[in-house]
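One letter stands for each residue in the lines below.
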Amino acid sequence: MAAAVERVRAATRRHSERFERAIPLIASENLLSPYAKELLISDLHSRYAEGLPGERYYEGNEEVDLIERECLELARALFRCRFADVRPISGTVANLAVLKALAEAGMPVGTARLANGAHISSAGFGAFGLRSVRPVYYAWDEERMTLDVPATRRILKEQRPPLCLFGLSLFLFPLPIAELRDTLEEIGAVGWYDAAHVLGLIAGGLFQDPLREGCAVLSASTHKTLPGPQHGILLSDSDRPELVGKLQGAAFPGVTSNHHLHAMAALAVSLAEHRAFGHDYARAVVANARALGQALYERGFDVLAPDLGFTASHTLAVRVTREGGGEAVARRLAEVGIVSNKNLLPGDTSPKHPQGIRLGTPEVTRLGMGPKEMVRIAEIMDLLLHREGTADRVRADAEALKRGFTTLRYCFAAGEAAYRYYDLVGHPPP
Ligand code: DSN
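Residues numbered from 1 in each chain as written. Predicted model: local features only at pLDDT ≥ 70, side-chain atom pairs only at ≥ 80, totals over all residues. Heavy atoms only, no water.

**Q** Lay out the nonpolar core with the relevant residues and their values.
**A** The tendency in soluble globular proteins is for nonpolar side chains to be buried side by side. One finds Phe79, Phe166, Tyr193, Leu235 and Leu271 to be the most contacted residues of the largest nonpolar core, which totals 63 residues. Going through the elements one at a time, α3 (62-78), α6 (149-159), β9 (163-166), α7 (177-187), α8 (199-203), β11 (217-221), β12 (232-236) and α11 (261-298) are the ones with two or more residues in this core. For this core, the element with the highest residue contribution is α11, accounting for 10 residues. Membership of the second largest hydrophobic core comes to 43 residues, among which are Ile26, Val318, Val329 and Tyr419. (Core = buried A, V, L, I, M, F, W, Y, C linked by side-chain atoms within 4.5 Å. Buried < 20%, exposed > 50% of the residue type's maximum accessible area, 1.4 Å probe, protein only. Helix = DSSP H or I, 4+ residues; strand = E, 2+ residues; numbered from the N terminus.)

The following block contains the structure:
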């Protein structure tokens, strides 16, 4: 038993040290601040608090009530809305809550296709399938990597889905919700925005403002461009109590029992930190993504949407057919310490063998990298994938670049080591 404990502790330490050396470019990942991280290992982790503040099913929740009220107030202020619920324990669970609240079996629900960047929640094997709703696919403009508005308008008028999901996991550009708003109103559809990827950009005022553009409800995870704990959130600015009531009932008891109080407390800290630093952070994230796109493009990479500056978010999509396809390229990059993921691109049919990779700048930006370092990352990728640089040489270059960037920015208590979680715990590291 003790040996198993040591094996797991040691593996976790090796994992952390690997990421300390690596260039982390997964668009959906980020680092937690020291104040947020300490709450994840607090006693809150051991407790239950079903229900809402002041209406619990367990005793001992006085401080939990205070934390939850604080978290809700921070969320409502940051996103300028009347309603927040911080009980979904992940983005997918938040999506399930929306489907439970606003959909029923057999209902047509608007969404993008997976190959055009939609999240697996929209799939038959995901949350849509679980709720037995029928996807109505929007038309896609491959050049602009967003919805084709006139064609989507026609589809919506024809199929009349009562619920329309806007949101992507390959989220390069804002979605044209304001342009489709009149159509949504005409067919009586509720607009639903999955902001998981771009939550921190929205809060920073950098992307789009879906609650003002025509979406009644927003769901999200809280650990991507919003650098919080792995958790979920629901937001709405609706003044319709029955909508809010349905969302609350879906969050609990619909799709959660306990809502992971340690993560909720960490989320409160992350929201407060984002109020202080979010605008500067979001601006730097997007500037870095555009700089990385440009630098890769100049080195012969097929970065999507070159005429539009590659991206307006934290994410880049690169077609790597010439370099061996998404699976091989993501693996070769990981072997030298550049961590990304293979990704479906428009036209792809096999999720296991897609033509793309997805790159994101949330984590490298949080560590203080800027456009100069984005050029350096592009040079290193070019060396590996176009100039036959040896793995050892490329790995050494990547590690040398990373060495100067292991402290966190854009948070209180900045400057702490980002990956050495065991420094926080107070007993000897494995
Ligand atoms: N799987 C996550 C992503 O990488 O986009 C979203 O849940």
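Next comes the rest of the account.
**Q** I'd like a rundown of the site of the ligand, residues and numbers included.
**A** Close to the ligand lie Ser28, His119, Ser169, His197, Lys224 and Arg358, which account for all nearby residues. Interatomic distance of 2.7 Å between a side-chain N/O atom of Ser28 and an oxygen atom of the ligand. Within the complex, 64% of the 240 Å² of free accessible area of the ligand lies under protein. Across the shell around the ligand, the residue classes tally to no nonpolar, 4 polar and 2 charged. (Near = heavy atom within 4 Å. Polar contact = N/O pair within 3.5 Å; in protein donor to acceptor, adjacent residues only side chain to side chain. Areas by Shrake-Rupley, 256 points an atom, 1.4 Å probe, with all protein chains shown as cover. Nonpolar A, V, L, I, M, F, W, Y, C, P; charged D, E, K, R; others polar.)

**Q** Any chance you could break down a nonpolar patch on the surface for me, citing the residues and the numbers?
**A** Residues Tyr48, Tyr57 and Tyr58 make up a contiguous nonpolar surface patch of about 360 Å² in total accessible area. With respect to the secondary-structure elements, Tyr58 resides in the loop between β3 (55-56) and α3. (Patch = residues over 30% accessible without salt bridge, like charges linked within 9 Å, V, L, I, M, F, W, Y side chains within 5 Å. Salt bridge = Lys/Arg side-chain N within 4 Å of Asp/Glu carboxyl O.)

**Q** Pulling in residues and values, what's your account of the environment of His223?
**A** Mapped onto the fold, His223 is located in the loop between β11 and β12. Judged by relative accessible area, which is 14%, His223 ranks as buried. Residues His223 and Ser90, spaced 133 residues apart in sequence, show a C-alpha to C-alpha distance of 9.3 Å. Once residues lying within four places of it in the same chain are set aside, the contact partners of His223 are Ser28, Glu29, Asn30, Gly228, Pro229, Gln230 and His231. (Contact = heavy atoms within 4.5 Å.)

**Q** Break down the packing of aromatic side chains for me, with residues and values.
**A** Counting across every chain of the model gives 8 aromatic pairs. Arranged with centres 6.0 Å apart and planes meeting at 50 degrees, the rings of Tyr57 and Phe252 form a pair that is tilted. With Tyr57 in the loop between β3 and α3 and Phe252 in helix α10 (residues 241-255), the pair connects residues that are 195 residues apart, well separated along the chain. The exposure class assigned to Tyr57 is exposed, which follows from its relative accessible area of 61%. Using a relative accessible area of 14% as the deciding quantity, one classes Phe252 as buried. Between Tyr138 and Phe166, the ring centres sit 5.3 Å apart and the planes meet at 10 degrees, which makes this aromatic pair stacked. Of this pair, Tyr138 sits in the loop between β6 (134-137) and β7 (140-141) while Phe166 sits in strand β9, and the two are 28 residues apart along the sequence. (Phe/Tyr/Trp six-rings, centres within 6.5 Å; stacked < 30°, edge-to-face > 60°.)

**Q** Could you give an account of the side chain of Glu68, naming the residues involved and the relevant values?
**A** Here Glu68 lies in helix α3. On the basis of relative accessible area, Glu68 is assigned to the buried category, the value being 1%. A polar contact of 2.8 Å, which involves the side chain of Glu68, links it to the side chain of His259. Not counting chain neighbours up to four residues away, the residues in contact with Glu68 comprise Gly51, Leu52, Pro53, Arg56, Val86, Arg87, His259 and Met264.

**Q** Please give an account of α3 that cites residues and values.
**A** The end-to-end C-alpha separation of α3 is 25 Å, in line with the 24 Å expected for 17 residues at 1.5 Å each. All buried positions along α3 are accounted for by Val64, Asp65, Ile67, Glu68, Cys71, Leu72, Leu74, Ala75 and Leu78. Looking at the packing, one finds that the buried side of α3 touches β2 (51-52), β3, β4 (83-85), α8, β12 and α11. (Expected span 1.5 Å × (residues − 1).)

**Q** Which residues make up the sheet that holds β6, and what values go with them?
**A** Overall, mixed pairing links the 7 strands, which are arranged β4-β12-β11-β10-β9-β5-β6 in an open sheet. Each edge of the open sheet is held by one strand with a lone partner, namely β4 and β6. Taken over all neighbouring pairs, the strand axes of this sheet differ in orientation by 25 degrees on average, direction set aside. Relative to β6, strand β5 (residues 108-111) runs parallel, the two sharing 4 bridges. For Val109, the partnering residue across the bridge sits in β6 and is Pro135. Docked against the sheet, α3 engages β4 and β12, running at close to 130 degrees with respect to β4. Lying on the sheet, α10 is in contact with β4, β11 and β12; it crosses β4 at an angle near 5 degrees. (Pairing = 2+ DSSP bridges. Axes fitted to C-alpha atoms, helices over the stretch in contact; angles between N-to-C directions.)

**Q** Provide a residue-level description of the pairing of strand β17 (residues 356-360), including the pertinent values.
**A** For a regular strand, side-chain orientation follows a simple rule: the groups alternate between the two sheet faces. The buried count for β17 comes to 5 of 5 residues, which makes it a mostly enclosed element. One ladder, built from 3 bridges, connects strand β16 (residues 341-343) with β17; its direction is antiparallel. Within the sheet, the bridge partner assigned to Lys342 lies in β17 and is Ile357.

**Q** Would you mind going over unusual backbone geometry in detail, with residue names and values included?
**A** Of note, the bond from Phe252 into Pro253 is cis; its omega dihedral lies within 30 degrees of zero at 10 degrees. Unusually for a residue other than glycine, Ser132 sits at a positive phi of about 55 degrees. Structurally, Ser132 is set in the loop between α5 (127-130) and β6. The backbone phi angle of Tyr410 is positive, close to 60 degrees, even though this residue is not glycine. With respect to the helices and strands, Tyr410 occurs in the segment after α15 (391-403).

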